2 protein chains.
Amino acid sequence: MPSGHHHGDDCCGGGQDRAERALARARAAGLRVTEARRSLVRILAQSKLPLAVEEIHRKVGRQRADRVTLYRSLDAFERAGIVQRHTLEKGRSLYALTSGAHHHHHVVCRRCGAIERLAECDTAAVEAAARARGFADLSHVLEIQGVCPRCAHG
Amino acid sequence: MPSGHHHGDDCCGGGQDRAERALARARAAGLRVTEARRSLVRILAQSKLPLAVEEIHRKVGRQRADRVTLYRSLDAFERAGIVQRHTLEKGRSLYALTSGAHHHHHVVCRRCGAIERLAECDTAAVEAAARARGFADLSHVLEIQGVCPRCAHG
DNA sequence: GTCCGTGCAAATCATTTGCACTTCT
DNA sequence: AGAAGTGCAAATGATTTGCACGGAC
């Protein structure tokens, strides 16, 4: 259930801005800005890697926001395009701020769950094929799985 | 929860062979061949598209195999490389025989759940990037989402 | 003042597990 | 015989929903 410990997970200062921008976008989308949502966005802004709701809940502090509230807010943010959701196996998903971040994917270690970010993306051909079939408004989810260096030599 | 009605779902005769080959592979992998598994493989062999366990259960006939048995067999087959599993949102997954089928992906309609198969696959660059990061034994899941022609103009 | 957002408890859903029993090989 | 497979019931785990209350605008 972890998703990216043991690799830099927190941030470098830019978090402040990213958070503000995200909240502004939320406001612009007609969503209300509450303390719970501020905390949620702050945590997401501080993390370079996508986080699971469970992790967000822990980092936010269970008393600052209920898990359910996080789910509902993340859902609202996703609809507003403020948050991007990554679907992984076993019904788990990770969330990250859409803002600023360039389009990218991740590698997930099958054994320890470590996640790394990849800038590369060449799914164009596949999307083109889908478009040729008449599908519109396309998007995709690309998940690379493997065994990370640490786990590999162990 | 549907996964590919309204498009050809059953097959063309080759199913017999595909099923036999799959069972042979299972046997070779040290797995036992039972009635439940024969039914399971027959259903998978007859379908060109990946199926959800629920659908398989229905097609097999609830009395011929318990849902749990299907899950366990599919798991065993997956480990043996006889079945390929596709992970989708909301914790659902679809299964299909690996045999014969060339590597490919699918487009899923966001609205009606219709699925179409795509031969194209150009995730090479992304896998290469992952490999460069030290990850080994790579595999990937690529899911294209969009709105199918039928839903689009409606 | 109105809605939207929130917490808590309870409900879902797909999948997994425990256990005693059956059946391949 | 003995391990592997099976069914049924019950457990999981992530996510969702119902409902009354509270706060943002």
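Predicted model only: the values in this text are computed from it and were never measured.

Please explain the protein's contact with DNA strand D as it appears in this structure.
DNA strand D sits among 21 residues. The nearest are A:Tyr71, A:Ser93, B:Thr34, B:Arg37 and B:Thr69. Of all DNA strand D atoms lying within 4 Å of any protein atom, the proportion belonging to sugar or phosphate reaches 65%. Side-chain polar atom of A:Tyr71 to a phosphate oxygen of DNA strand D: 2.4 Å apart, as the coordinates give it. Within the side chain of B:Arg72, an N or O atom sits 2.9 Å from a base oxygen of DNA strand D. Elements represented by at least two residues in the surface near DNA strand D include exactly helix H4 (67–79) of chain A together with helix H2 (35–46) and helix H4 (67–79) of chain B. Per-element tally for the surface near DNA strand D: the top contributor is H4(B), with 4 residues. Of the residues in the surface near DNA strand D, the class split is 8 nonpolar, 5 polar and 8 charged.

I would appreciate a short explanation of the packing of helix H3 (residues 53–60) of chain B against H4(B) in the present structure.
Geometry of a packed helix pair, given as the angle between the helix axes and the separation of the axes. Residue and element names in this part refer to chain B. Look at H3 against H4: their axes get within 10 Å of each other, and the N-to-C directions meet at 120°. One finds that H3 runs oblique with respect to H4. The way H3 lies across H4 gives a crossing that is right-handed. Within the contact between the two elements, H3 uses Val-53, Glu-54, Ile-56 and His-57 and H4 uses Arg-67, Leu-70, Tyr-71 and Leu-74. Tallied by class, residues from the contact of H3 with H4 come to 5 nonpolar, 1 polar and 2 charged.

Help me understand the pattern of salt bridges in this model?
Residues and elements named next belong to chain A. Applying the stated criterion across every chain yields a total of 10 salt bridges over all chains. Here Arg-67 and Glu-54 are joined by a salt bridge, their closest N and O atoms 3.0 Å apart. One end of the pair, Arg-67, is in helix H4; the other, Glu-54, is in helix H3 (residues 53–60), with 13 residues separating them in the sequence. Residue Glu-54 is classed as partly exposed on the basis of its relative accessible area, which comes to 38%. A salt bridge links Asp-75 to Arg-79, with the nearest nitrogen and oxygen atoms 3.1 Å apart.

Definitions and cut-offs
- What you see as residue numbers is a count from 1 along each chain, following the sequence as written.
- Following the order in which they are written, the chains are lettered starting with A and the ligands numbered starting with 1.
- Per-residue local features are limited, in this predicted model, to residues with pLDDT of at least 70; the limit for side-chain atom pairs, both in listing and counting, is 80 or more; totals at the level of whole chains, interfaces and linings are taken over all residues.
- Derived side-chain values reflect all non-hydrogen atoms in the structure, with water molecules and hydrogen atoms excluded from consideration.
- Whether a residue is near a molecule or strand depends on its heavy atoms: if one lies within 4 Å, it is near.
- Pairing of N or O atoms within 3.5 Å defines a polar contact, subject to two protein rules: one partner must be a possible hydrogen donor and the other a possible acceptor, and residues neighboring in sequence count only if both atoms are side-chain atoms.
- Helix and strand definitions follow DSSP, with helices as H or I runs of at least four residues and strands as E runs of at least two, each counted in order from the N terminus.
- Here the term charged refers only to Asp, Glu, Lys and Arg, the term nonpolar to Ala, Val, Leu, Ile, Met, Phe, Trp, Tyr, Cys and Pro, and the term polar to all other amino acids, Gly among them.
- In this description, a line fitted to the C-alpha atoms serves as the axis of each element, helices being fitted only across the stretch in contact, and the angle between N-to-C directions of two axes falls anywhere from 0 to 180 degrees.
- By the definition adopted for this analysis, an angle is roughly parallel if under 35 degrees, roughly antiparallel if over 145, roughly perpendicular if from 65 to 115, and oblique otherwise.
- Two helices that cross are described as forming a left-handed crossing if the nearer one is turned anticlockwise from the farther one by less than a right angle, and a right-handed crossing if clockwise.
- Any two residues whose heavy atoms approach within 4.5 Å at even a single point are treated as in contact.
- By salt bridge we mean one thing: a side-chain nitrogen of Lys or Arg within 4 Å of a carboxyl oxygen of Asp or Glu.
- Accessibility here uses a 1.4 Å probe with only protein chains present; expressed as a share of the type maximum, an area under 20% marks a residue as buried, one over 50% as exposed, and anything in between as partly exposed.

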